[in-house]
Amino acid sequence: MFESMASHSRFASGAAWTIASSVNRVLPEGALPAPSWAPGRLLKKHQRTPMRTGVPRRTLSLCPDCNREAVEAVLRGESDVAGFRERPGIIDAEILEEGGRILMRKACATHGPFEDVLSNHPDFFQRMEAQSFGGDFDCVGDREVHDHGPNSIRAGRGSYLIVDLTNRCNMMCRPCFMDANGVGYVDETDMEDLKTIFERAGSFKPNREINVLFSGGEATLSPIFLDAIRHAKSMGFHRLHVSTNGIRFAESRDFAVEASAAGLHGVYLQFDGVSEEKNKHRGLGNYMEVKLRALENIAAAGMQTTLQVTVVNGLNNDCVGEIVRFALRNADQIHGVIFQPVMFTGRDERISTADRYAERYPLSQLAYDLQAQTSIDWQPMRDWFPASAYAIFSHLDDVLDRGSERGSLFPDMHPDHAIMSPLLVDTEKGKAIPIPTFFDLGRFMQDVVQITDSGRPPRVTRAMVLLSLLRNFNQGKAPFGLGPYELRSLFEGSLYRFTRSDDDWSRQASAKTARWRLMFLNGMWFQDAYNYDFATIYNSNTPVATWQGEISFCAYNGGGWRKVLESVHHTSTVADWYRNHGRHQIYAAGKKVRLVESLSSRPEPLVQIEAAPVGTFLTRG
């Protein structure tokens, strides 16, 4: 009887959608609004700049050796920033399919050929490219922000504005994309630099909502860490996060509370595995104790944690499923997981060809490893989407909220570089399943694009979206207890991830009272000089805010800009810094962090992750 009712409801909503969409297609399309934060009218799909996709294709890349030589010329004083800006070592490259892989091949007249693997699952690679939403507005009034020659950002709002506060760190890891503690100078952002950074961040159009990510080195070592948070908050930025190894948060709950009071919303916590063995490369003697303590203190301070996992093939790719299980067991503390395949920069820029081939971890492999390491019917070709699909819902918010002073968060990452998969978490039953198991997410996104492109009034737009939500919902395959009302609440409750924020946004986003929750698993691929693609740099979604403007994270680290700018801007030599400020503690070679406060008692040990399938993970209590 229940299945019959669910089938009837789906049929009725499908029929209503057919009638409504037919009428919608017959009527002339309306114009989309022109909000004050945008350089023009909101863009329809056919007006968006298409991403450069397709195989085979030609592009421009970097010669790793030419690029390194150009950087070193600046460091020796033989060239300057302007010279590096125009001549970073560009060469031609080809992206092609061969032997069941997607490859980048290029050859330098001086240094010879280079090859790298972009994907080991061509069908998955092409599925992601086929679902690209398209680019955002071109930037207007951004000359002082984006002036970096062929590496200049030209379009988009960005999803994360990375603000490096210091190149100092209290760990000595390998890999390290910036070689923290490995260079002979200290580079710290001061308050004057910081004020300029945030003034520039709001100086051009599209004027956007963005996640600010304070980083380093270890950002919490910066003497202006808390002041930086307060200043960003005062400038109207509410999505304030820090990327951290968690040591400061583990050492003191008071520190976590103080950071939250300053305006910090969330923490991106370095987390490469669920055991000490899987984290030996980090050098910290009590790694898991530190992570558990940090998670508890961050949650107690009312903030969210996203696990930030650097995946190295042959090192920890065999435990990505365990990391997801850990996240689900701790869903009251963990907001999501971002898997970031290793980029060979900083401490690893001179990696041997053999080691690079062995350790490279294509994004496509993440989807297949999670399928193999879990048992929730997690299907790569059904359950994964390019992360730019988020932008479809950001655009919906822009269309509906026409009077806002800022555009919504708009993650138009290239589909080769960012993927996502949403899981439904049932906190009562202790289970998780992929959303497409019972909801046609791909068709729903197509419907939303069709609805927004039609340019109807907000009331009609909302009604059409609700109708599409219902017609794509297969209640017969949904978990028991999840009906249309719960589905609608789940959808509306998840929109805070993309929509504009206000003073109360952080509290609302951190509320966890509902039985049903969404947890997004993301894969982020950052380029280094070996797989660099200039065609994807112009709309970087992870700009690094520097004294020289906003630079793509890939250009900053993989393209040599970090070393060039730090060599000009650095605060002092390491010796002078230690002489004037003293040495900060570095936890390496097995050294343990001394933790005074004790962990709260828990019904089960969180570190002991059994081989049970993700779909039957046990809740605490």
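Owing to the predicted nature of the structure, the values given are computational and were not obtained by experimental measurement. (Residues numbered from 1 in each chain as written. Predicted model: local features only at pLDDT ≥ 70, side-chain atom pairs only at ≥ 80, totals over all residues. Heavy atoms only, no water.)

### Structural notes on the overall build of the protein
Then comes step 1: A tally of helices and strands in the protein yields 21 helices and 18 strands.
Then comes step 2: Expected size for 621 residues packed as a compact globule is a radius of gyration near 25 Å; at 24 Å, the protein falls within 12% of this value.
Then comes step 3: The C-alpha extent of the protein, read off along each of the three principal axes, is 75 × 55 × 55 Å.
Then comes step 4: Taking all 621 residues of the protein together, the buried fraction comes to 62%. (Helix = DSSP H or I, 4+ residues; strand = E, 2+ residues; numbered from the N terminus. Rg over C-alpha atoms; globule rule 2.2 N^0.38 Å. Buried < 20%, exposed > 50% of the residue type's maximum accessible area, 1.4 Å probe, protein only.)

### Concerning the side chain of Asn279
Then comes step 1: Relative to the elements of secondary structure, Asn279 occurs in the loop between strand S9 (266-270) and helix H9 (287-300).
Then comes step 2: Within polar-contact distance, the side chain of Asn279 engages the backbone oxygen of Gly273 at 3.3 Å.
Then comes step 3: Excluding anything up to four places from it in sequence, Asn279 contacts Asp272, Gly273, Val274, Tyr287 and Met288. (Polar contact = N/O pair within 3.5 Å; in protein donor to acceptor, adjacent residues only side chain to side chain. Contact = heavy atoms within 4.5 Å.)

### Observations concerning a nonpolar patch on the surface
Then comes step 1: Taken together, the side chains of Ile19, Val23 and Leu27 define a hydrophobic patch exposed on the protein surface, amounting to about 280 Å² of accessible area.
Then comes step 2: Its place among the elements puts Leu27 in the loop between helix H1 (2-26) and strand S1 (57-62). (Patch = residues over 30% accessible without salt bridge, like charges linked within 9 Å, V, L, I, M, F, W, Y side chains within 5 Å. Areas by Shrake-Rupley, 256 points an atom, 1.4 Å probe, with all protein chains shown as cover. Salt bridge = Lys/Arg side-chain N within 4 Å of Asp/Glu carboxyl O.)

### Observations regarding the nonpolar core
Then comes step 1: Ranked by size, the top nonpolar core spans 89 residues in total, and within it Val163, Phe214, Phe249, Phe339 and Trp384 carry the most contacts.
Then comes step 2: Of all the elements, H9 adds the most residues to this core, at seven residues.
Then comes step 3: The residues touching Val163, leaving out its near neighbours within four places in the chain, are Leu194, Ile197, Phe198, Val212, Leu213, Phe214, Ser215 and Ala545.
Then comes step 4: Counting 64 residues, the second largest nonpolar core, distinct from the first, contains Val81, Tyr390, Leu396 and Trp561. (Core = buried A, V, L, I, M, F, W, Y, C linked by side-chain atoms within 4.5 Å.)

### Some remarks on the pattern of salt bridges
Then comes step 1: Across all of its chains, the model carries 37 salt bridges by this definition.
Then comes step 2: The shortest N-O distance in the salt bridge between Asp416 and Arg57 comes to 2.9 Å. In this pair, Asp416 is assigned in the loop between helix H14 (390-400) and strand S13 (418-426) and Arg57 in strand S1, connecting sequence segments 359 residues apart. Accessibility classification places Asp416 together with Arg57 in one group, the buried group.
Then comes step 3: A salt bridge links Arg515 to Glu428; the shortest N-O distance between them is 3.7 Å.

### Looking at the sheet that holds S1
Then comes step 1: Read from one edge to the other, the open sheet built from four strands follows the order S1-S2-S3-S4, with strand pairing classed as antiparallel. The open sheet terminates on both sides in strands that have one partner only, identified here as S1 and strand S4 (112-119). Between one strand and the next, the sheet's axes are offset by a mean angle of 30°, whatever the strand orientation.
Then comes step 2: Two strands pair when backbone bridges link them, and strand S2 (residues 90-98) and strand S3 (residues 101-108) are joined in this way by six bridges, in the antiparallel orientation. Paired with Leu96 across the two strands is Leu103, which belongs to S3. (Pairing = 2+ DSSP bridges. Axes fitted to C-alpha atoms, helices over the stretch in contact; angles between N-to-C directions.)

### Examining the environment of Arg76
Then comes step 1: Along the chain, Arg76 falls in the loop between helix H2 (64-75) and helix H3 (81-86).
Then comes step 2: Through-space distance from the C-alpha of Arg76 to that of Gly141 is 34 Å; in sequence the pair is 65 residues apart.
Then comes step 3: A distance of 3.0 Å separates polar atoms of two side chains, one belonging to Arg76 and the other to Glu78.

### Looking at unusual backbone geometry
Then comes step 1: Residues Lys205 and Pro206 are joined by a peptide bond in cis, for which omega reads 0°.
Then comes step 2: Tracing the backbone shows Pro206 in the loop between helix H5 (191-201) and strand S7 (211-215).
Then comes step 3: For the peptide bond that leads from Gly216 to Gly217, omega is 20°, which places it in the cis range.
Then comes step 4: Positionally, Gly217 belongs in the loop between S7 and helix H6 (225-234).
Then comes step 5: One non-glycine residue, Asp377, adopts positive backbone phi at about 55°.

### Things to note about H9
Then comes step 1: An ideal rise of 1.5 Å per residue puts 20 Å on 14 residues; H9 measures up with 20 Å between its terminal C-alpha atoms.
Then comes step 2: The buried fraction of H9 is high, at 11 of 14 residues.
Then comes step 3: Those residues of H9 lying buried are Tyr287, Met288, Val290, Lys291, Leu292, Arg293, Ala294, Leu295, Glu296, Asn297 and Ile298. (Expected span 1.5 Å × (residues − 1).)

### What to know about the packing of helix H15 (residues 441-453) against helix H16 (residues 458-471)
Then comes step 1: At a closest axis distance of 10 Å, the pairing of H15 and H16 adopts a crossing angle of 165°. As summarised for this structure, H15 and H16 are arranged roughly antiparallel, according to the angle between their axes. The chirality of how H15 crosses H16 is right-handed. On H16, the residues that touch Arg443, Phe444, Asp447 and Ile451 of H15 are Thr461, Met464, Val465, Ser468, Leu469 and Arg471.
Then comes step 2: Taken together, the residues of the contact of H15 with H16 break down into five nonpolar, two polar and three charged. (Parallel < 35°, antiparallel > 145°, perpendicular 65-115°, else oblique. Left-handed = near helix turned anticlockwise from the far one by under 90°. Nonpolar A, V, L, I, M, F, W, Y, C, P; charged D, E, K, R; others polar.)

### Some points on the environment of Arg200
Then comes step 1: Relative to the elements of secondary structure, Arg200 occurs in helix H5.
Then comes step 2: Remark: the alpha-carbon pair of Arg200 and Thr345, spanning 145 residues in sequence, is separated by 27 Å.
Then comes step 3: Those residues in contact with Arg200, other than ones at most four positions away along the chain, are Glu144, Val145, Thr546, Trp547, Gln548 and Gly549.

### Quick word on the pairing of S13
Then comes step 1: By the criterion of burial, S13 is predominantly enclosed, with nine of the nine residues buried.
Then comes step 2: Burial along S13 is two-sided: Ala418, Met420, Pro422, Leu424 and Asp426 facing one way and Ile419, Ser421, Leu423 and Val425 facing the other are all buried.
Then comes step 3: Inspection of the sheet shows S13 paired to strand S15 (residues 516-524) by nine bridges, in the antiparallel sense. Directly across from Val425, in S15, lies its bridge partner Arg517.

### Points about the state of the cysteines
Then comes step 1: Under the counting rule described, the total for this entry stands at zero disulfides.
Then comes step 2: Not part of a disulfide, Cys66 finds its nearest cysteine sulfur in Cys63, a span of 3.6 Å.
Then comes step 3: Unpaired in this structure, Cys169 has its nearest cysteine sulfur neighbour in Cys173, at a distance of 6.0 Å. (Disulfide = S-S within 2.5 Å.)

### A short note on the side chain of Glu566
Then comes step 1: The residue Glu566 is located in helix H20 (residues 561-569) in this model.
Then comes step 2: Given the relative accessible area of 4%, Glu566 is considered buried.
Then comes step 3: Leaving out residues up to four positions away in the same chain, Glu566 has contacts with Asn167, Met178, Tyr185, Asp187 and Tyr556.

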